[in-house]
Amino acid sequence: MRIAELNVTPIAIADPPLLNSNGLHQPYALRTIVELVGEDGISGWGECAGGRRMLDAFEGSRQHVVGRSAFELTRLQLALTGNAPDATQHETLMGRMNPLPAARRVFSGVEVAALHLIGKSLGVPVCDLLGGRVRDRVPFSAYLFYKLAGGGGEVDDARDDEWGEALTPDGVVAQAQAMITRYGFGSVKLKAGAFPPDEEIAAMLVLRNALGPDVPLRIDPNAAWTVDTSVAVALALAETLEYLEDPTPGMAGMGEVHDRLAAEGLRMPLATNMVVTAFDDIPESLRLRAVDVILGDHHYWGGLRAVSHLGTLCHTLGLGLSMHSNSHLGISLLAMTHVAAATPHLTYACDTHYPWQHEADEILVGGKVPIVDGAVVVPSTPGLGIEIDRDALARGRERFERGGIAERDDVSEMQRRVDPAWQHIQPRW
Ligand SMILES: [Mg+2]
C-alpha cells in the first residue's frame, strides 16, 4: 500500500483566553492536519502541532514519506528522527511553547494518518492495529482553567463565551460543575500557576467540598513553584489530590520534592508531561525518584505505537500512566482514544482540552466527537472512525492565513491583554 500523496494543511481554531504559567492562550490555537493518500485513492488523516515551523519540517519530510509503504513505519521513523538519543529533551520544554523536536511531531502526524489509512483499507479500527481493544470507553478528565471573559476567535470571527470568566475559587467551581453537567466527567484537573499558590490551594479545597470525596482531583502549575512552595502545596492538599503534576522545574527539582515529601511521611504521586517526554528521560527520572505518573502524548513520544510501548514500560517499572493534551480537534481525540483502548496499563483518566474547542472549528463530518459520562466510545468503524469535512478544513486554513499567528506565544498574549510588563518567570512562586 504505497503512499501516493502527502497533503499538509495548517489550520487555526478559535481558543478561549485560558491562563497558565506561560501566560495566556491566544485567540487561535494552531494545528497541522496531515492527509496521506494511498495509491488506491483511500485517504488517512492525522493531526499534530501547528505553526510555520511544523510546515517547514513537513516539507523536509516529504521525500521520506511519499512512495513508501504505509506499513513501513519503523523505517520511516528512523528516516525522520534518526537514532540519536534525546536525553536532554526535558530541558527544552521549560521555556516557550512547542520547543520539542519537530521531526518526532511530524512522524506522529504521519503515523496516525498511516494507521488510519491502513485501518480503512483493511476495514478495521485503528485500535485493532495496536493489538485490539481492552476497553470500549476511554475516560477523560475535566480540564479546568482560570479564564478571562471571551470565547476565542477575533472580531467578526469571535465565538460565544460558553463558559464565562473564572478568576476566583467560586468561578473555578462553577466551571467544574458546568463541565460535569455537560460531559459527565468523573475526575477533574485544574491548570494552575496563574495565581499565588494560596489562592489555588483554596480553589482545590472549594472544589473538593463542592464535588465531594469521590471525584479525583489534580493540579498542574506547569513548574511555576519552587521546591519549597511545591512541598507546602502538597502538604496542604495531601488529602485532596490524586496526583500533583509538574509542580517545579526540572528533573532534579521534582526529585527533591519527592524526597522532601517522603521525609514528611507523605506519598503524593508526582506526575509529569514536562520532565519526562521521551524514553531516554526515564532512567534519570527513576534514579532521582522524580516521577510516579507519566502523562504520555503520542504527539511528543513518536506516535501511537510509542505510547503503547510506554504503557508496557510504565507497567514494568511500577509507574502510573495517563495522557497529556494540548488544544486539539477530533482527529487527535480519537487517536488518543484508540491507543488508550489498546493500552491495558492506563491508570488515570486522560487529559483533554477538547471541551474548550468550539463546534464551529471541528473539521469532522458530523461535528464534534461526543464525550458522554466522561468518556469517548471507542469506534468500531474502520480507521479512526472519522470522515473529514473538506469545507471545514478549508475554513480552518483560511483562519490560519488570516490570523497572523505563526507560532504559539502565550507570553505576548498576556502582555497584549493583561499587563505589558508581564514576563515568564519560572519558578514564579
Ligand atoms: Mg501538564
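Analysis parameters
Residues numbered from 1 in each chain as written. Predicted model: local features only at pLDDT ≥ 70, side-chain atom pairs only at ≥ 80, totals over all residues. Core = buried A, V, L, I, M, F, W, Y, C linked by C-beta atoms within 7 Å. Buried ≥ 20, exposed ≤ 12 C-beta atoms within 10 Å, placed from the backbone. Helix = DSSP H or I, 4+ residues; strand = E, 2+ residues; numbered from the N terminus. Domains from an automatic or database assignment. Contact = placed C-beta atoms within 7 Å. Axes fitted to C-alpha atoms, helices over the stretch in contact; angles between N-to-C directions. Parallel < 35°, antiparallel > 145°, perpendicular 65-115°, else oblique. Left-handed = near helix turned anticlockwise from the far one by under 90°. Nonpolar A, V, L, I, M, F, W, Y, C, P; charged D, E, K, R; others polar. pLDDT = per-residue confidence, 0-100. Pairing = 2+ DSSP bridges.

*Asks:* Even after reading the chapter, I still don't get the nonpolar core, so can you show me in this structure?
*Replies:* In a soluble, globular protein the nonpolar side chains are often hidden away together inside. One finds L36, V110, L270, V291 and I294 to be the most contacted residues of the largest nonpolar core, which totals 123 residues. Take this core: its biggest share by element is 10 residues, from helix α4 (residues 102–122). In this structure, this core is formed jointly by two domains, domain 1 (3–128 + 392–402) and domain 2 (131–384), each of which donates at least three residues. Beyond its immediate stretch of four places on either side in the chain, L270 contacts Y243, L244, M254, V257, H258, A290, V291 and D292.

*Asks:* Help me out: how do you make sense of the packing of helix α2 (residues 73–81) against α4 in this one?
*Replies:* Two elements in contact, α2 and α4, have axes whose closest approach is 9 Å; the angle formed by their N-to-C orientations is 160 degrees. In terms of orientation, α2 lies roughly antiparallel with respect to α4. The element α2 and its partner α4 pack so that their crossing is right-handed. Together, L73, L76, Q77, L80 and T81 of α2 and A103, R104, V106, F107, V110, E111 and A114 of α4 make up the contact between the two elements. Taken together, the residues of the contact of α2 with α4 break down into eight nonpolar, two polar and two charged.

*Asks:* Looking at this structure, I do not really get the domain arrangement of the protein chain. What am I missing?
*Replies:* For an interface, size is often stated in terms of accessible area lost upon the parts coming together. We note that the domain assignment places domain 1 (3–128 + 392–402) and domain 2 (131–384) within the protein chain. Each of domain 1 and domain 2 was reduced to a C-alpha centroid, and the two centroids are 21 Å apart. In this assembly, 51 residues from domain 1 lie in contact with 58 residues from domain 2. Partitioned by chemical class, the residues of the side of domain 1 that touches domain 2 number 27 nonpolar, 14 polar and 10 charged.

*Asks:* Just to check I follow, could you spell out unusual backbone geometry for this structure?
*Replies:* The bulk of non-glycine residues show a negative phi, and the bulk of peptide bonds are trans. Each neighbour pair has its own omega, and for Q426 with P427 the value is 0 degrees, a cis peptide bond. Of note in this structure, R289 is not a glycine but carries a positive phi near 50 degrees. One can find R289 in the loop between α10 (282–287) and β12 (293–296).

*Asks:* What's the story with the confidence of the model for the protein chain in this structure? I'm lost.
*Replies:* Atom-level detail of predicted coordinates should not be read off regions where pLDDT is low. In the predicted model, the protein chain carries a mean pLDDT of 95, and the fraction of residues at 70 or more is 96%. Segment residues 85–98 is flagged for pLDDT under 50; beyond a separation of four residues in sequence, or across chains, it makes 35 contacts in the model.

*Asks:* What should I look at first to understand the sheet that holds strand β1 (residues 3–14) in this one?
*Replies:* Whenever strands of a sheet pair, they do so through backbone hydrogen bonds, lying parallel or antiparallel. What the three strands build is an open sheet, ordered β1-β4-β5; its pairing is antiparallel. Strand pairing shows two members of the sheet lacking a second neighbour, β1 and β5 (43–49), which therefore form its edges. Averaged over all pairs of adjacent strands, the angle between their axes in this sheet comes to 20 degrees, without regard to strand direction. Where β1 and strand β4 (residues 28–38) come together, 11 bridges link them in antiparallel fashion. Bridging across to β4, I3 finds its partner in G38. The sheet strands contacting helix α1 (residues 52–65) are β1, β4 and β5, and the helix crosses β1 at an angle near 165 degrees. In the packing of helix α14 (residues 390–403) onto the sheet, the strands contacted are β1 and β4, and the crossing angle to β1 comes to about 60 degrees.

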